[in-house]
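Structural characterization, general
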Amino acid sequence: MVEQVDLVVVGGGPGGYTAALRAAELGIKTMLVDDQPKPGGVCLHMGCIPSKALLHAAEVLNTAKEAHRFGIKFDSPDIDIEALRSWKTDVLTKLAQGVSGLLKSAKVDHLVGRAKFNDSRSLTVDREGESNVRVKFKHAILATGSRPTRLPFLFKNEADMDSPLIMDSTDALKLEEVPKKLLVIGGGYIGLEMSTVYAALGSEVTVVEMMDNLLPGVDRDLVRPLATKLEGQLKSILLNTKVKSLEVKKNSVVAHLEGKDSPAKLEVDKVLIAVGRVPNSEDLGLEETEVVIDEHGFVKIDDQQKTDDKRIYAIGDVSGQPMLAHRAIRQAYVAAEVLAGRPSQFDNRAIPAVVFTEPEVAWCGLTDTEAKEKGIKTASAKFPWSASGRAMTLAEPVGQTKIIYDPASQRVLGVGMVGPRAGDLIAEGVLAIEMGAVLEDLAESIHAHPTLAETINEAALTALSRIERQSQKSSSPSAAKTH
Ligand code: FAD
């Protein structure tokens, strides 16, 4: 069978389905090919959405547990794992049905099967139990996403890697059972989100992180309140610790560890490996095209999502860091619009990142860590949530809001937050950076009271009053004398 389309999008995740919908909206005859039966990709079925559904359940459990602080006591919860699992599946099913409906009404052909490029003008879709389809296209958008990194060298016998006692994030989100003892390898955002879920459901969770801090690369002042909270929720957090090997036994796994303050051995019921993700750029026939792949496996793109092959564009996880759904979605708009002849460009200054733990950690734009690395001169102002009326009424006064700005122009360069719902609040920081806002813009916009958003307003006011004090000092007669 041969099909002819203007555009074929390979991969039905948030990048792929958004690109297909936008292209169809702009009048391009589009086909979407995805190897999964339901559209939505990793994000909808094995990532963002199931993890957030389970984190909501964890938040309910933790809130109920801590409600005694304001006089409300609950009995120990009765957790029906099967019901929790089916609620989560229900959420995913409804969202996937929504995506299918959108594709249908936009008249995007949705083909289920695995695509492989024959050359820069055609690909073949291998469909299970059905005949292959050859698709001839004018343009293609690659949106094949990523998969969890595997660590085969940890196992004496490589087959043990596929033991049900060894999980990756996809397995962990299936929530087949709640192990009594769980070892999580990796203190990045996926490891910490899943640790929060399993600890709330009753597992004794140990997190092992090779670096000297959780969430490596994230500003330490933002991580600290989370680390303190996690210390209370988890059995232990082993930093500066390497897992040397994993020994899979009949009903347990023995982890051999190396670290100054870590035990040499740890026996657990299950292990979750969450050490990052790799792009899906192999087995796609890309060698038959002009597409270039970098040393990390990412497809090389320019700021219009074009690859080195003039007919092929790439978006989402397969096209580089940060591997986040909202980056994929923005890139999808850019690719579809460029293909429709519009002057679109991925010129965003701020890509927010959110860790949906308790408390949440969120940041966008320039971070202190990055400014230090690049030698960029910045100043920052913080507002502690212990002084926020709204945080107090939520019985969660743990957190802070930080604004990083250019001391010369007072332009907002970065915003970082830690605290409940920081992930929602960071949107104001993104808008401020994209609009080129200065401190005054954030300080003089009225923020509703009492809300957590006021902490952004307060941090900007803190910065401005410090600048005012400094300028008064430097213009005072005594300051003039000393200089
Ligand atoms: P994907 O969503 O990976 O979709 C790619 C699709 O292409 C898949 O369906 C794949 O099967 C298909 N495919 C691959 N090869 C082929 C082929 N040859 N032929 C046909 N189809 C193919 N991001 C956030 O922004 N926020 C979060 O809260 C968040 N939480 C996460 C939690 C977890 C546990 C994980 C694992 C990830 C999370 N992410 C989150 C990351 C997010 O899921 C990804 O950034 C996002 O899914 C990338 O979208 P994509 O369109 O590039 O590809």
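For the structure given in this document, a descriptive report is provided here. All of these numbers come straight from a predicted model, not from anything done at the bench.

For the ligand, the set of nearby residues contains 39 residues, the closest of which are Asp34, Asp35, Lys52, Asp317 and Ala325. In this structure, an oxygen atom belonging to the ligand sits 3.0 Å away from a main-chain N or O atom of Val42. Tyr189 places a side-chain nitrogen or oxygen 3.1 Å from a nitrogen atom of the ligand. Coverage of the ligand by the protein chains reaches 96% of its 1,000 Å² of free accessible surface. Elements that contribute at least two residues to the shell around the ligand include exactly α1 (14–25), β2 (30–34), α2 (41–46), α3 (48–66), β4 (114–117), α5 (169–174), α6 (189–201) and α8 (325–339). In terms of residue count, α2 provides more of the shell around the ligand than any other element does, four residues in total. Counted by class, the shell around the ligand contains 17 nonpolar, 16 polar and six charged residues.

As for its placement among the helices and strands, Ser203 is situated in the loop between α6 and β10 (204–208). Those residues in contact with Ser203, other than ones at most four positions away along the chain, are Val178, Pro179, Lys180, Leu182 and Tyr198.

The subject of this paragraph is the packing of aromatic side chains. The final tally for this structure, using the stated rule, is one aromatic pair. Geometrically, the ring pair formed by Phe117 and Phe137 is edge-to-face, given 5.9 Å between the ring centres and 90° between the ring planes. Here Phe117 is found in strand β4, whereas its partner Phe137 is found in strand β6 (residues 133–142), with 20 residues between them in sequence. Both residues of the pair, Phe117 and Phe137, belong to the buried class.

It is the contact of α6 with helix α7 (residues 220–233), at a shortest axis distance of 11 Å, that shows an interaxial angle of 35°. For the crossing formed where α6 meets α7, the hand is left-handed. Contacts between α6 and α7 involve Leu192, Thr196 and Ala199 from the former and Leu226, Leu230 and Gln233 from the latter. Classifying every residue of the contact of α6 with α7 gives four nonpolar, two polar and no charged.

As a further point, take the sheet that holds strand β15 (residues 270–273). Backbone-to-backbone hydrogen bonds join strands into a sheet, with any given pair of strands oriented parallel or antiparallel. Reading across the sheet, the five strands line up as β8-β15-β9-β10-β11 and stay open at both edges, with parallel pairing between neighbours. Looking at strand neighbours, the two that pair on one side only are β8 (166–167) and β11 (236–238), the edges of this open sheet. As defined by bridge partners, β8 adjoins β15 across two bridges and the pair is classed as parallel. Counted as the bridge partner of Met167 is Leu272 from β15.

This part takes up the pattern of salt bridges. Across all of its chains, the model carries 22 salt bridges by this definition. Taking the shortest distance from any N to any O, the salt bridge between Arg127 and Glu130 comes out at 3.6 Å. A relative accessible area of 12% means that Arg127 is categorised as buried. Judged by its relative accessible area of 49%, Glu130 falls in the partly exposed class. In the salt-bridge network here, residues are joined through shared partners; they are Asp219, Asp221, Asp368, Lys382 and Lys402.

What counts as what
- Numbering of residues starts from 1 in each chain and follows the order in which that chain's sequence is written.
- The predicted origin of the model limits local features to residues at a pLDDT of at least 70 and limits the giving and counting of side-chain atom pairs to 80 or more, whereas totals for whole chains, interfaces and linings rest on all residues.
- Values reported for side chains reflect all heavy atoms of the structure, with hydrogen atoms and water molecules removed beforehand.
- We define proximity as follows: a residue is near a molecule or strand when any one of its heavy atoms falls within 4 Å of that partner.
- Polar contacts here mean pairs of N or O atoms no more than 3.5 Å apart (in protein, one a potential hydrogen donor and the other a potential acceptor; neighbouring residues in sequence count only if both atoms are side-chain atoms).
- Here the accessible surface of atoms and residues is derived via Shrake-Rupley with a 1.4 Å probe, and residues count as covered only by protein chains that are part of the display.
- By definition, any uninterrupted DSSP run of H or I lasting at least four residues is a helix, any uninterrupted run of E lasting at least two residues is a strand, and each is numbered from the N terminus.
- Throughout this entry, Asp, Glu, Lys and Arg are counted as charged residues, while Ala, Val, Leu, Ile, Met, Phe, Trp, Tyr, Cys and Pro are counted as nonpolar. The remaining residues, Gly among them, count as polar.
- We call two residues in contact whenever any of their non-hydrogen atoms come within 4.5 Å of each other.
- Under the pairing criterion, centres of Phe, Tyr and Trp rings, with the six-membered ring standing for Trp, must be within 6.5 Å; the plane angle then separates stacked pairs below 30 degrees from edge-to-face pairs above 60, leaving the rest tilted.
- Throughout this description, buried means an accessible area under 20% of the type-specific maximum (1.4 Å probe, protein chains only), exposed means over 50%, and partly exposed covers the range between.
- All axes are obtained by fitting lines to C-alpha atoms, using only the stretch in contact for helices, and the reported angles, taken between N-to-C directions, cover 0 to 180 degrees.
- Handedness of a crossing follows from how the near helix is turned relative to the far one, being left-handed for an anticlockwise turn of less than a right angle and right-handed for a clockwise one.
- Two strands are said to pair when DSSP picks up at least two bridges between them.
- Criterion for a salt bridge: a side-chain nitrogen of Lys or Arg within 4 Å of a carboxyl oxygen of Asp or Glu.

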